[in-house]
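As a plain string of letters, each chain reads:
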Amino acid sequence: MNSVKNAADYKGQSAVAENRQGIIPDDLAGKRIDQALAIVFPDYSRSRLQQWIRNGHVTVDGKRCSVKSKVWGGETVLVEVQADGPETAYLPEAIPLKLVHEDDTILVIDKPAGLVVHPGSGNWSGTLLNALLQHAPSNASLPRAGIVHRLDKDTSGLLVVAKTLESRTELVRQMQARTVGREYAAIVHGEVKSDGTVEAPIGRHPRDRKRMAVVARGKPAKTHYAVVESGRDWALLTCRLETGRTHQIRVHLSSIDHALIGDPVYKPKRVSSTLPEQARRFGRQALHAQRLRIKHPTSGQAMEWSSPLPEDLALLLECLRHRSHEQHRSHEQQANREQENG
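No experiment lies behind these values; they were computed from the predicted model shown.

Asker: Before we move on, could you go through the overall build of the chain and cite the residues and values that matter?
Answerer: Along the backbone of the chain there are seven helices and 15 strands. Looking at the chain residue by residue over its 342 residues, the buried ones come to 46%. Within the chain, counting contacts between residues at least 6 apart in sequence, those at least 24 apart form 65% of the total. Element-wise, carbon and sulfur atoms account for 46% of the exposed surface of the chain, whose accessible area totals about 18,000 Å².

Asker: Hey, could you go over the nonpolar core for me, with residue numbers and the actual values?
Answerer: Counting 32 residues, the largest nonpolar core has Leu132, Tyr184, Val188, Leu237, Cys239 and Leu253 as the members making the most contacts within it. Of all elements in the fold, only β6 (106-111), α3 (128-135), β7 (156-162), β8 (181-189), β13 (234-241), α5 (248-255) and β14 (287-295) reach the threshold of two or more residues within this core. A per-element tally of this core places α3 first, with five residues. Look past the residues within four positions of tyrosine 184 in its chain and what remains in contact with it is Leu151, Leu237, Thr238, Cys239, Leu241, Ile249, Leu287, His288, Ala289 and Gln290.

Asker: Which residues make up unusual backbone geometry, and what are the values?
Answerer: Trans peptide bonds make up the majority, and among non-glycine residues the majority have a negative phi. Not every positive phi belongs to a glycine, and arginine 144 is a case in point at roughly 50°. The exposure class of arginine 144 is partly exposed, given its relative accessible area of 39%.

Asker: An account of the side chain of glutamate 75 is needed here, citing residue identities and associated values.
Answerer: Tracing the sequence through the fold places glutamate 75 in the loop between β3 (63-64) and β4 (76-83). Of note is the side chain of glutamate 75, whose polar atom sits 2.6 Å from the backbone nitrogen of tryptophan 72. With near-sequence residues (within four places) excluded, glutamate 75 lies in contact with Gly22, Ile23, Ile24, Val60 and Asp61.

Asker: How would you explain the packing of aromatic side chains if you had to name every residue and give the values?
Answerer: Given two aromatic rings, one states the distance between the centres and the angle between the planes to describe the pair. Counted by the stated rule, this structure contains one aromatic pair. With 5.3 Å between their ring centres and 65° between their planes, tyrosine 44 and tryptophan 52 make a pair best called edge-to-face. Overall, tyrosine 44 belongs to the buried group, its relative accessible area being 11%. What makes tryptophan 52 buried here is its relative accessible area of 1%.

Asker: Can you lay out the confidence of the model for the chain for me, pointing to particular residues and giving the numbers?
Answerer: Overall, the predicted model of the chain reaches an average pLDDT of 89, with 89% of residues at or above 70. In the model, residues 1-14 has pLDDT below 50 throughout and makes 32 contacts with residues more than four positions away in sequence or in other chains.

Asker: Please give an account of the packing of helix α1 (residues 33-40) against helix α2 (residues 46-54) that cites residues and values.
Answerer: Where α1 meets α2, the axes come as close as 9 Å, and the angle between the chain directions of the two elements is 125°. As judged from the angle between their axes, α1 and α2 are oblique. Where α1 crosses over α2, the two elements pack in a sense that is right-handed. On α2, the residues touching Ile33, Asp34, Gln35, Leu37 and Ala38 of α1 are Arg46, Leu49, Gln50 and Ile53. Classifying every residue of the contact of α1 with α2 gives five nonpolar, two polar and two charged.

Asker: Any chance you could break down the pairing of strand β5 (residues 99-102) for me, citing the residues and the numbers?
Answerer: In this sheet, β6 lies alongside β5 in antiparallel orientation, the contact comprising three bridges. Directly across from leucine 99, in β6, lies its bridge partner isoleucine 109. With antiparallel pairing between neighbouring strands as the criterion, β5 and β6 make up a hairpin whose turn holds three residues.

Asker: Please set out the pattern of salt bridges residue by residue, giving values where relevant.
Answerer: A side chain of one charge can pair with a side chain of the opposite charge when the charged atoms of the two come close. Going through the model one piece at a time under the given rule, you end up with 14 salt bridges. Notably, a salt bridge pairs aspartate 34 with arginine 32, separated by 3.1 Å at the nearest N-O pair. A relative accessible area of 25% places arginine 32 in the partly exposed class. A salt bridge links glutamate 170 to arginine 173, with the shortest nitrogen-to-oxygen separation between them at 2.9 Å. Taken together, the positions of glutamate 170 and arginine 173, both in helix α4 (residues 165-176) and three residues apart, correspond to about one turn of that helix. The network of salt bridges with common partners includes Arg32, Asp34 and Arg46.

Asker: Tell me about the side chain of glutamine 174, residues and numbers included.
Answerer: Within the secondary structure, glutamine 174 is located in helix α4. A distance of 2.8 Å separates a polar atom in the side chain of glutamine 174 from the backbone oxygen of lysine 295. Those residues in contact with glutamine 174, other than ones at most four positions away along the chain, are Thr179, Val180, Ile294 and Lys295.

How each quantity is defined
Residues numbered from 1 in each chain as written. Predicted model: local features only at pLDDT ≥ 70, side-chain atom pairs only at ≥ 80, totals over all residues. Heavy atoms only, no water. Helix = DSSP H or I, 4+ residues; strand = E, 2+ residues; numbered from the N terminus. Buried < 20%, exposed > 50% of the residue type's maximum accessible area, 1.4 Å probe, protein only. Contact = heavy atoms within 4.5 Å. Areas by Shrake-Rupley, 256 points an atom, 1.4 Å probe, with all protein chains shown as cover. Core = buried A, V, L, I, M, F, W, Y, C linked by side-chain atoms within 4.5 Å. Polar contact = N/O pair within 3.5 Å; in protein donor to acceptor, adjacent residues only side chain to side chain. Phe/Tyr/Trp six-rings, centres within 6.5 Å; stacked < 30°, edge-to-face > 60°. pLDDT = per-residue confidence, 0-100. Axes fitted to C-alpha atoms, helices over the stretch in contact; angles between N-to-C directions. Parallel < 35°, antiparallel > 145°, perpendicular 65-115°, else oblique. Left-handed = near helix turned anticlockwise from the far one by under 90°. Nonpolar A, V, L, I, M, F, W, Y, C, P; charged D, E, K, R; others polar. Pairing = 2+ DSSP bridges. Salt bridge = Lys/Arg side-chain N within 4 Å of Asp/Glu carboxyl O.

In structure tokens form, the structure reads like this:
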């Protein structure tokens, strides 16, 4: 199956749960349509009814109306009840998945950037969970539909999903025992000259609750990184997790002044003036889950999968390499001129 490339494609449309029809009583004459509907259909809040009116899901005598429209009694109203919010969280949706492995007990997915893994505030539909329920309906009986670990919305790459309760229990055990191998490709700001390890506790940011940070009372977290390639103002790293804290790689690399290129939350203190424009305006954190290792929950066999860099990261890397080559050539030419003039 092919993955969807445009992040906007992952936002599913609200599903119509049912149609409700009624007649406006004469004693509601003169009221606004939203006020009248809240009385005729008390199952729904006035704010929700207002939203449906604005989105064109309410008609009066066959015609659309506005929130401020008045009723005079006797009108026939039709409400297309929308299954939105938490109601859509566990509905199957026809969202393509890129499967790299599937058997009776597990499946491994290569998640594209832009796809939310699990429904939550602001993303109640169009998620990987919704796609899973379409692909494997029996997963509806499992906690979190079999999802045992997550990737951030704008992080691409591999994740494993259980298809049975027994396999989910075993995969969760492996996660807790830290025997699951997860390796990431990260393109970061700044030159990195040697391999290293960041061991620092992670918790909620003390002032911004939407962010994570290195904090004294946070949960223990450890990230190993190795230099694959490095320029004067960028580097390609391989990161290996020993723990799985929220935003762990993003927070840890930012804490050592090597924030991920494109990260909108954990930004560097300073962006090099020589970094190419493509890198300055890169649209997501440059992070990709490129390798995954587990023991099969049923057979016990060691299994490993890998995923190449997606197109956007490959193009970013090529751009950075080209700029480094130009810088190197410029330095060589400058050195030659100085030698000739010396």
